[in-house]
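Each chain, letter by letter, is given below.
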Amino acid sequence: IAADPDVIVLVDSDWNSATHKMDYLAGNPATAAMTAVQQKRYIVVPFASSEAGVRSVEAAVSIATQWHELASR
């Protein structure tokens, strides 16, 4: 929280969706004031891409693409 990140990377899964995590961050007084939460600057990757393996490359490309899209807003 003290670092106040510009962007937060969230892992999306069936049992704990990225949307649920966004809602939690926005509703928690400790995190709601963070820049990334206030500006809804999230990068989302599917759970399968967050595990070490061949999908890591896909995740890296997705993160870079989403970062570029956020930076251009």
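Predicted, not measured: the structure shown is a model, and the values here were computed from it.

What counts as what
- Residues numbered from 1 in each chain as written.
- Predicted model: local features only at pLDDT ≥ 70, side-chain atom pairs only at ≥ 80, totals over all residues.
- Heavy atoms only, no water.
- Helix = DSSP H or I, 4+ residues; strand = E, 2+ residues; numbered from the N terminus.
- Buried < 20%, exposed > 50% of the residue type's maximum accessible area, 1.4 Å probe, protein only.
- Contact = heavy atoms within 4.5 Å.
- Areas by Shrake-Rupley, 256 points an atom, 1.4 Å probe, with all protein chains shown as cover.
- Lys, Arg positive; Asp, Glu negative; His and termini not counted.
- Charge placed at Lys NZ, Arg CZ, Asp CG, Glu CD.

J.: Please clarify how the overall build of the protein chain should be interpreted in this entry.
T.: A tally of regular secondary structure across the protein chain gives five helices and two strands. In sequence order, the secondary structure elements of the protein chain are arranged as β-α-α-α-β-α-α. The principal-axis extent of the C-alpha atoms belonging to the protein chain is close to 35 × 30 × 20 Å. Within the protein chain, the fraction of its 73 residues that count as buried is 26%. Expressed as a percentage of contacts within the protein chain between residues at least 6 apart in sequence, the contacts between residues at least 24 apart total 61%. If you sum the accessible surface of the protein chain, you get close to 4900 Å²; carbon and sulfur atoms cover 58% of it. Here the protein chain contributes 5 positive and 8 negative side-chain charges, whose respective centroids are spaced 4 Å apart.

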